[in-house]
Every structure is written in C-alpha cells, then in structure tokens.
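In case you want the letters, here they are:
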Amino acid sequence: MLANDHHDLDLNHLLDALLAERLIAPGTALAALERAKARPADHPLELIAELAEPDPRHPGRQLDLEALCRWLAERVGQPFMTIDPLQVDLVRIAGLMSAAFAQRHGILAVAVDEHSVTVASAQPYQSDWEADLGRSLGKTVRRVLATPRQIRQLRPTFLGLAQSVRGAGQGQSVRLGELEQLLELGAQQPQANADDAHIVHIVDWMLQYAIEQRASDIHLEPRRDQGQLRLRIDGLLHAVYAFPAGVTLAMVSRLKHLGRMNVAEKRRPQDGRLKSRLAGGAEVELRLSTLPTPFGEKLVLRLSDPQQQHDSLETLGLEGSLLTQWLTLLQRRQGMLLVTGPTGSGKTSTLYASLRHLASPQVNLCSIEDPIERLEPMINQLQVQPSLELDFASGARALLRQDPDIIMIGEIRDRETAQVAVQAALTGHLVLSTLHTQDACGAITRLLELDVADYLIKATLLGVMAQRLVRTLCPLCRNGGARQGQACQQCRGTGFHGRTGLFELLEVSASLRERISPASDLAALRQQAVVDGLRDLQRHGRDKVAQGRTSLEEVLRVCG
C-alpha cells in the first residue's frame, strides 16, 4: 500500500514504489524530495512530473503527470479519467455539492445518473467524504482518479459557474426590462449590484472558456424554459450548458451592451463588435449577430483567434504548385480574382492572407466588408451600413475615388455589385472578392446569372479558387501518443484536431475564355478546365489523405 485509508498520498511511499518498479532513478527521487521541502502543499505526483523524466515503459514519452496518475490508478484499482468539459453535463452535476465541500476534499463531481454519482479525486486514499456525499444525495458514489491539475482547473468552471447562475436567477422571472436596466447601470457604475456581478462573471467565463476550447463560434439560444450554450469547434457544434431563460437573455443583453448595440431593440437583427484581451495579452475580436426568435434574441459570436490573425497562405493549407500559381495571379495589377465556397469554408481568411501578402507602403489596399471580420492596419477597411444606404456597390464606387491599387469586395451578392467589381477590374485595379458557388467553374456561370456580359468576364476574370475546410488528424493519435483504449485528451477521442483547407484553383486560360458565352454549359467549362490542368477539391483532398493530414471519410463528408 502507498498510504493508509483517509490519508493523503505520501511522497516517500510513492517514490519507494516508483523506485521498486524501476520507473525512476534514485537521483530523481532525491530531486523530488528537495522540491517538496520548498513546496510541501503541492501534490506529490506534480512534484515528480515536473522533473520530466523519460517513461521506461514507453520509449519517447515522458513520465508526465497523466502517466503518473494512470500508474497510480492501476496500482490502487480505480479507473483513471481524463475529464472533458464538453462531455460533462454541467447542469446536472452543478448542484450535487457545494464549492466549499469540493474544495475542502479536493474532489469534483463529473457525472450522475439515477443511482450513482461519479466523483473525481487525485487522492485515492481519502474517503472520509464518501459516506456524507452518498447519504446526502441518496446515491452510490463511484470514484475515478484524475490529475490534480485538471480537478483544480475545472472546479471554478463546474462550481463557480453554477453558483453565479443560481445567484443571477434568484427571484427572477423573465423580467427582461429590469435585467437590461440593471446591466446598463452596472456598466456605468464602479460597483455593480449582485445580479450584475453574476451576469458579468458568467459572460466572462463563457468567452474565456470558448477561447480555451478553440471555438470559432459561440451560440446563445433562448428556449421556452432555458437557454442553450453551444460552441462550434473544428466545424461541429457541441452543447455546453443550459442556462435559465432569464439568465440567458440577461447574458444576451450584457453582450449587446458591450458590442455597442441597441439593447432596447429586440425586434430587428443587429450586428456588433467586441474585443477581449486574454491573460497573456493577446486580443480576440468577436463579431456579434442577434436574431429575434419566439423566446427572445439568439446571439452568435464569431471569434477571431489571435493565433490565426497573421496566418499565411501556407498555414491555411495552400502549398506547392497551387500556392505558386495563386501567388503568380496575385502579382497581376489588373483583373478579378474570386474565392468561392459555402459559408464557413475559410474564404475570408484566404482573402486576408492574400492581402497581407500584397501589403506594402507602395500600394493602397482598400476593402468593403459586411461586417469587417478582422481589423488590418495595412488595409483601408469600409463597413457596409444599410441604414446609411451604404451597400457593397455604393461602397465599392466610393473606394474607386480613393486612388486604390487593390480592392477587396467582401462578397458579390447581386447584379449591381458584380457590375461594379467588373468595372473596377477593367479600369486598372486588382479586385478580390468571394462568391457562393460549389466549385471554381461555377463562378463563371454565377456571374452570367448576375447579368455580367460574357465579354466582360473574358476581359477581367483571372482566376477562381474554390475551397473547403476539413478536419486534420490529431497528431497525438496519429503518432501513437494516445494510449490504447483511452480517449485522446487533445482531440476528445474524435481523432481530429484543427482544420486545413482544400483548394481548387482555376486559372482562366485562353481556351477556357473561348468557351465563355451567354449559353455557357457548366459541364463543358469543367471539361475544358480539367484539360487545362485543374485539380478538383476531391483530388486535393486525396493528396491530403496520402500525406496523413486527414481521412478519406472527412474529405467525402466535406466535398461530397
């Protein structure tokens, strides 16, 4: 045994057991004992893990905290658990124990069903809390062992959030006018009242949590009895938390106020912007969009990851001959380049990366966007404002009077915008824009549908790049770092972590121009493009599969 019942783990006993199994050397044990003198309150396994010794059982891996906790779990006969916050039903476990009780005993409830509650602990021999908890809940206590770091980091989320939600919801029916007034007053005064403080804490937690989980979008969705918080991670939505209806709408009001939106206006969709600063100093830009629903306003926040603010075309997934071909097209000083694909396929990221590549003190870069997704210091950015009768077409005309070299039009949505883009390309400007089409050749027929004359398309269109985003294989799972039979913590057992782009680049050749006419057949255009050397999205996807970057199933899911 490593320790007696109802006692904390003892560092000496742990070191003796590790030495006996030849998992550490005597020098490592002495170093851990020295660390313990300076930090006696630290968990003993954390002291050992900090030494970053190699794991003799698994060449190439370290004897890190997770490895040590797995070893301990096997030794004491308790299941080891890597806690995934997105897989925990926070609403159900929130009220099982008080924060003081969890803090005192170093435990955390992670699951509950009709008959039992699952509790994570990093002290397998501490059990004096089990009887009290089981008796108060009327359930059997099932223990799992987790790393002390995870328990320590997740306790504020699991319990502090629940406390704030309860505090914000006490005594409330859905009296939205009062809530909004309290939030607005609280933003103006140095001392917020109790309800304001709770709402502020919940909103701050939500933003921080979404950033930590690599979310690209946050969805706050009101329902009849409660609101739903969902996060989009690697293209897929994950349910996270269910808030009381009044709390959900108060959160929406708080965010609308921060985003300089009209808090009192609930009948019309609105857009706003918000900037948040992380603990490390990095800034995250958020786009806010509200939508009236029968149960209140739904709010979606799109996060601009600070680590991707300066993405290059290479990091977006454009590489090799495709990259060379696109960069060559970008060097043209007159004509039109289009990026196509469905919503969320990374078109805007590609445009921004292209503009950053072109940016220099010698050129005037201008853009008209709806909305401005990222603030770029080298680009003169103009926001579409329908209330001021400033749309894409009128904004692009205004930009033409600003002596531009390169113009980016966020999206060609209608005939008027298409005509302005083509005229700008005809008059000595490089124009970059986006279209919603399934593939590159579809951009030509789409322009024809928007009543752009075929001879104007022939004269201006330089190239079209269609793109999609696919999830990339988790490097830890792919390289054998994930342990057999255990869900990988990095990818939550999905096998994917992050995304990369698939691209289909159509360079408009002389032979393809000859086929552009008012009656252009899409199949004939595609056939000519293939003859000219077009590699379609699926072929690029198969290349990524061959490189071990993604899976065939993922390519087929995205590309069809």
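Keep in mind it's a predicted model, so treat the numbers as computed, not measured.

Conventions and cut-offs
- Residues numbered from 1 in each chain as written.
- Predicted model: local features only at pLDDT ≥ 70, side-chain atom pairs only at ≥ 80, totals over all residues.
- Heavy atoms only, no water.
- Phe/Tyr/Trp six-rings, centres within 6.5 Å; stacked < 30°, edge-to-face > 60°.
- Helix = DSSP H or I, 4+ residues; strand = E, 2+ residues; numbered from the N terminus.
- Buried < 20%, exposed > 50% of the residue type's maximum accessible area, 1.4 Å probe, protein only.
- Core = buried A, V, L, I, M, F, W, Y, C linked by side-chain atoms within 4.5 Å.
- Salt bridge = Lys/Arg side-chain N within 4 Å of Asp/Glu carboxyl O.

**Q** Please clarify how the packing of aromatic side chains should be interpreted in this entry.
**A** Where two aromatic rings form a pair, the distance of their centres and the angle of their planes describe that pair. Counted under the stated rule, the structure contains 3 aromatic pairs. With 5.1 Å between their ring centres and 20° between their planes, Trp-205 and Tyr-209 make a pair best called stacked. Of the two residues, Trp-205 and Tyr-209 are both situated in helix H10 (residues 194–212); the distance of 4 residues between them amounts to about one turn of the helix. A centroid spacing of 4.7 Å and a plane angle of 35° characterise the contact between Tyr-241 and Phe-243, whose relative ring orientation is tilted.

**Q** Looking at this structure, how should I read helix H16 (residues 442–449)?
**A** Residues spaced three or four apart along an α-helix face the same direction, because each turn holds 3.6 residues. The buried count for H16 comes to 6 of 8 residues, which makes it a mostly enclosed element. Listed in full, the buried residues belonging to H16 are Gly-442, Ala-443, Ile-444, Thr-445, Leu-447 and Leu-448.

**Q** Explain unusual backbone geometry here, please?
**A** Glycine aside, residues mostly have negative phi angles, and peptide bonds mostly take the trans form. One non-glycine residue, Asp-234, lies in positive phi territory at about 55°. Relative to the elements of secondary structure, Asp-234 occurs in the loop between strand E5 (226–233) and strand E6 (236–244).

**Q** Would you mind showing me how to read the nonpolar core here?
**A** One finds Phe-158, Leu-229, Tyr-241 and Phe-243 to be the most contacted residues of the largest nonpolar core, which totals 63 residues. Ile-407, Ile-409, Val-420 and Leu-537 belong to the second-largest nonpolar core, a separate cluster that totals 44 residues.

**Q** Even after reading the chapter, I still don't get the pattern of salt bridges, so can you show me in this structure?
**A** Opposite charge on two side chains makes pairing possible when the charged atoms of those side chains draw close. Counted by the stated rule, this structure contains 31 salt bridges. The partner of Glu-221 in a salt bridge is Arg-223, with the nearest N and O atoms 3.8 Å apart. Given a relative accessible area of 3%, Glu-221 falls into the buried group. For Arg-223, a relative accessible area of 42% corresponds to the partly exposed category. One network of salt bridges, in which partners are shared, links Arg-35, Arg-39, Asp-42 and Glu-50.

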